[in-house]
Amino acid sequence: MKFLEKEELPHFAFQKEFLRPFADILEGYIPETSSPADASSRRRSAVVAVDVMVKDMVLRCVHQIVQAAALHIRSGWKAILNVAQIAARDGNDSIAEMGFVIAKACAEQHGPQMWMLATARVQPTDGPQAVDVVSVAGIEYFHELIDCLNEFAVGAATRRPRFALGAIDTLYVASVALGRQVLAHPSYAKAENISLDDQPLYRVWMPVLRALHEVVMHTEDLEVRTRALDAFFRLVMAHGQHFSRGLWASVLRDLVFAMFADLRDPSASRRFATVDDLELWFSTTLIKALRHVIALFSRYYPTHLSNAMMSEVLELLVMCIAQPSEVLGKIGTSCLQDLIRSNHAKWDDEAWGLVCGTLARLFNWSQPRELFTIAGASWEAENNRRVITASTNGSPPHVADSAVLPPISPAVRKLPNTQAYAANRPSPLRTAGSAASLSSADGNDTPSPSTAPTTPIVESLGSTMPIVSAKPLPRAGSTASAAGDKPDYLHITLKCILQLLLIQTLGELFGANVEGGGSESQQADDLYCHLSAHHLFILLDCLDQSRAFAHRFNMNRKVRRRLVEMGVMPTMPSLLKQETGSVLVELHILQRMHLDAMGVAYMEQVPRAVITERETVADEVDDRLAMLMRTVFVQYCSAIRINSAEDDSDTEYRRSVQIVSSAKNTADLSLAKRSVVVTSSWHGSLIAMLGHIAELSKSNDNAKPFRAAVSRHWPELVDTIGVAASVSDLDVVGAVQRVLAIAGSELKLSSAKYTIDE
């Protein structure tokens, strides 16, 4: 104690050397000999057991020194914190507890004696003149404190979670206190334009965040891991406004995104042996981290975080969604939905381009093309076969197969970033080499082959995906004896599930299944108003491609039977839910755009700029919607075709009207029941579509859009009410009757048939 009362000269470390024997005794090192070489050898290898009472006495002495001589300690803090760190590794709980008491006292009571604020002369990055900025004298002792507390948090987490939780809280409090002192210093403002290593907040908070990151990544105890994760993001969230761009980049790329590094190749990580391990790690830790990332980005974009950082956040979400796990897919799509809802009002065209491009990549990547390739009928080969057949027999395209995208209108090309998009948009009846085409039941109906093939925008955007494991992890205790356990079946099933999740995400974002008036409906309306027609068309292309693929697969009974015969699928597969779900969302978006373009108020306050923009693309929206509506009418009326033998007759869908009502034997009755199920799958889309037609009668243009829609779809309306009555679908019957009742006041009877009074 007498020695410590003497002031230590600058640049000397006598106190550290004087207090080092306490650490040697606690670890059980044999005292040094007269030979330096021998001492070094014995220090590395010779360790003796130390009685608990001796360790207790050492720690009490060190604690007494801290309490009595804290004002005089300089370099001795390093030796004191080293003693506490050694105690953290001890197997005796009482020794570890006393070491934690010393470390906590140093952090909470003696911080001002350990480190002090001063000024240092630093060369800025944007000028030749050196400036005086705030610095922390004794910052090395703060780093020693971090290492000491980190030992309690990581090393003792499994055996002593109480100390680990206390160490995390102490570390957070000490770092926040020191950071506030730095921020309050008058010279702090001059520290913005200096190199990252010289920035005081970088030297204070970056080591703390690294320590908390290590606890998250290397601790098995869930409570300790969660506490460290919360402390990490609480520190960044509360003080991120003071971070420089360099500090933000270091925190996000070196720490935040590094938490998800194992997801890039789970099979190469020692952390995961099975998919169950991956799902457990994600559900207990990474899902919380992912939601923290979304909240962090939502708070600091665009003031501190740029679109470049947003791109990395989207890549992170894509990497999570692309994992071979349904659980991770649901979590990833949910977080992507939260990101869009929280930030859509702040995004510009560039940001929306990143979001729509990400969705397009996911839609294209998750398309289960293996359903065709495994069965020996690849997507491209099947398209080529259909083109050759159509050119040989000269058969016209089926009415359902004509429902592909119309050409982009000249008005759309005036929108920002639209020319590159328009160059890759699929034109109507363009199917050769394009995934945007549809297929009928007979496989011979195809659009005109005279149009040159192009690559759809969804495929061009989806050409690259983040690197994920090419070797998926197995399930715990799984075998590949059954068809449902084979890798092909699992991979295809996960892709189908992800496709449905993406469709559901878009449906929830745009309120496709939400009744008007609620908060969710208002959020959907606000989101819709912030999207340009250019970006809406990208999303519509995604949905249309998903619908086209599902329709073609559902119509190809040979491929479906072949998958069952090969043992890939346990039962006859169907993508009916994908087909009807994508149609429902696509209809909802197109109807919104159509109502705005026709002057029908869908919501009370639609910005005039939105209406003006929708009017510029009215022709394309009308063409798209008309073809999609015809597809829904035909699919509803021809539900029998999905379960019947292949037939290339154009009047096939008309025969389905009578089959249900004329079922006389068991086979016909079974077929009729299956047809009712398929017909009911189109129920929601048809109801929405009929409601839209009725809504057009409120147009400012003397109901002209309504008359045009009724005239265009009059044959389908008549057939639909007959099919709906046959299967007792009273909702559809009532909806059609409502349209016909409105049409009664708009149409005049002439020459024994209805015509539009133009």
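Below, the structure is looked at part by part. Note that the structure is a prediction, hence the values are computed from the model and not measured.

**Comments concerning the packing of aromatic side chains**
Using the criterion set out here, one finds 11 aromatic pairs in the structure. Here Phe-100 and Phe-163 contribute two aromatic rings whose centre-to-centre distance is 5.7 Å and whose plane-to-plane angle is 25°, an arrangement assigned as stacked. In this pair, Phe-100 is assigned in helix H5 (residues 93–108) and Phe-163 in helix H8 (residues 161–184), connecting sequence segments 63 residues apart. As far as burial versus exposure is concerned, Phe-100 and Phe-163 are alike and both buried. Ring centres of Trp-248 and Tyr-300 lie 5.2 Å apart, and the angle between their planes is 55°; this geometry places the pair in the tilted category. On the criterion of sequence distance, the pair formed by Trp-248 in helix H11 (residues 245–256) and Tyr-300 in helix H12 (residues 275–300) is long-range, its members being 52 residues apart.

**Considering the nonpolar core**
Residues Phe-232, Phe-260, Trp-347 and Met-593 are the most contacted members of the largest nonpolar core, which totals 187 residues. Here Phe-232 is in contact with Leu-209, Leu-212, His-213, Val-251, Leu-255, Val-256 and Met-259, once residues within four sequence places are set aside. In this structure, Leu-371, Ala-375, Cys-496 and Phe-549 belong to the second largest nonpolar core, which totals 14 residues.

**Digging into helix H7 (residues 139–155)**
In this model, H7 (17 residues) spans 24 Å end to end at C-alpha, consistent with the 24 Å of a helix rising 1.5 Å per residue. The complete set of buried residues in H7 reads Ile-139, Tyr-141, Phe-142, Glu-144, Leu-145, Ile-146, Cys-148, Leu-149, Asn-150, Phe-152 and Ala-153.

**Description of the side chain of Gln-337**
Along the chain, the position of Gln-337 falls in helix H14 (residues 326–343). What makes Gln-337 buried here is its relative accessible area of 8%. With sequence-adjacent residues up to four places away left out, Gln-337 is seen in contact with Thr-505, Glu-508 and Leu-509.

**Describing helix H4 (residues 76–88)**
For H4, built from 13 residues, the straight-helix expectation of 18 Å at 1.5 Å per residue is met to within 8% by its first-to-last C-alpha distance of 19 Å. Counted residue by residue, H4 has 11 buried out of 13 residues, so it is predominantly covered. When H4 is considered as a whole, its buried residues turn out to be Gly-76, Trp-77, Ala-79, Ile-80, Leu-81, Val-83, Ala-84, Gln-85, Ile-86, Ala-87 and Ala-88. On its buried face, H4 sits against helix H1 (14–27), helix H3 (52–69), H5, helix H6 (111–114) and H7.

**Details of the packing of helix H30 (residues 704–712) against helix H31 (residues 714–726)**
When two helices pack together, their arrangement is given by the angle between the helix axes and the distance between those axes. The N-to-C vectors of H30 and H31 enclose an angle of 65°; their axes lie 4 Å apart at closest approach. Taken together, the axes of H30 and H31 are roughly perpendicular relative to one another. Facing Val-710, Ser-711 and Arg-712 of H30, the residues of H31 in contact are Trp-714, Pro-715, Glu-716 and Leu-717. Split by residue class, the contact of H30 with H31 holds 4 nonpolar, 1 polar and 2 charged.

**Thoughts on a nonpolar patch on the surface**
Taken together, Phe-3, Phe-12, Phe-14 and Phe-18 make up a surface patch of nonpolar side chains, about 400 Å² in accessible area. Relative to the helices and strands, Phe-18 is located in helix H1.

**Side note on the environment of Phe-100**
Owing to a relative accessible area of 10%, Phe-100 belongs among the buried residues under this scheme. Once you skip the residues sitting within four places of it in the chain, Phe-100 turns out to touch Phe-152, Phe-163, Gly-166, Ala-167 and Thr-170.

**A closer look at the side chain of Gln-15**
With respect to the helices, strands and loops of the structure, Gln-15 is situated in helix H1. Taking the relative accessible area as the measure of exposure, Gln-15 reaches 1% and is therefore buried. Once you skip the residues sitting within four places of it in the chain, Gln-15 turns out to touch Phe-3, Leu-4, Lys-6, Glu-8, His-72, Ile-73, Arg-74, Ser-75 and Gly-76.

**Considering the environment of Trp-281**
With respect to the helices, strands and loops of the structure, Trp-281 is situated in helix H12. Taking the C-alpha atoms as reference points, Trp-281 and Leu-222, separated by 59 residues in sequence, lie 9.8 Å from one another. Residues within four places of Trp-281 in sequence aside, it is in contact with Val-216, Met-217, Arg-225, Arg-271, Phe-272 and Leu-286.

**A look at the pattern of salt bridges**
With the rule as written, the count across this model stands at 25 salt bridges. When the shortest N-O distance is used, the salt bridge between Arg-89 and Glu-151 registers 3.8 Å. Placement of the pair is Arg-89 in the loop between H4 and H5 and Glu-151 in helix H7, with a sequence separation of 62 residues. You can call Arg-89 partly exposed: its relative accessible area is 42%. One salt bridge in this structure joins Arg-592 and Asp-525, with 3.0 Å as the shortest N-O distance. With a gap of 67 residues between them, Arg-592 in helix H24 (residues 576–598) and Asp-525 in helix H21 (residues 519–530) connect regions that are remote in the sequence. Accessibility classification places Arg-592 together with Asp-525 in one group, the buried group. Connected through salt bridges with shared partners, the residues Glu-27, Arg-89 and Glu-151 form a single ionic network.

How each quantity is defined
- Residues numbered from 1 in each chain as written.
- Predicted model: local features only at pLDDT ≥ 70, side-chain atom pairs only at ≥ 80, totals over all residues.
- Heavy atoms only, no water.
- Phe/Tyr/Trp six-rings, centres within 6.5 Å; stacked < 30°, edge-to-face > 60°.
- Helix = DSSP H or I, 4+ residues; strand = E, 2+ residues; numbered from the N terminus.
- Buried < 20%, exposed > 50% of the residue type's maximum accessible area, 1.4 Å probe, protein only.
- Core = buried A, V, L, I, M, F, W, Y, C linked by side-chain atoms within 4.5 Å.
- Contact = heavy atoms within 4.5 Å.
- Expected span 1.5 Å × (residues − 1).
- Axes fitted to C-alpha atoms, helices over the stretch in contact; angles between N-to-C directions.
- Parallel < 35°, antiparallel > 145°, perpendicular 65-115°, else oblique.
- Nonpolar A, V, L, I, M, F, W, Y, C, P; charged D, E, K, R; others polar.
- Patch = residues over 30% accessible without salt bridge, like charges linked within 9 Å, V, L, I, M, F, W, Y side chains within 5 Å.
- Areas by Shrake-Rupley, 256 points an atom, 1.4 Å probe, with all protein chains shown as cover.
- Salt bridge = Lys/Arg side-chain N within 4 Å of Asp/Glu carboxyl O.

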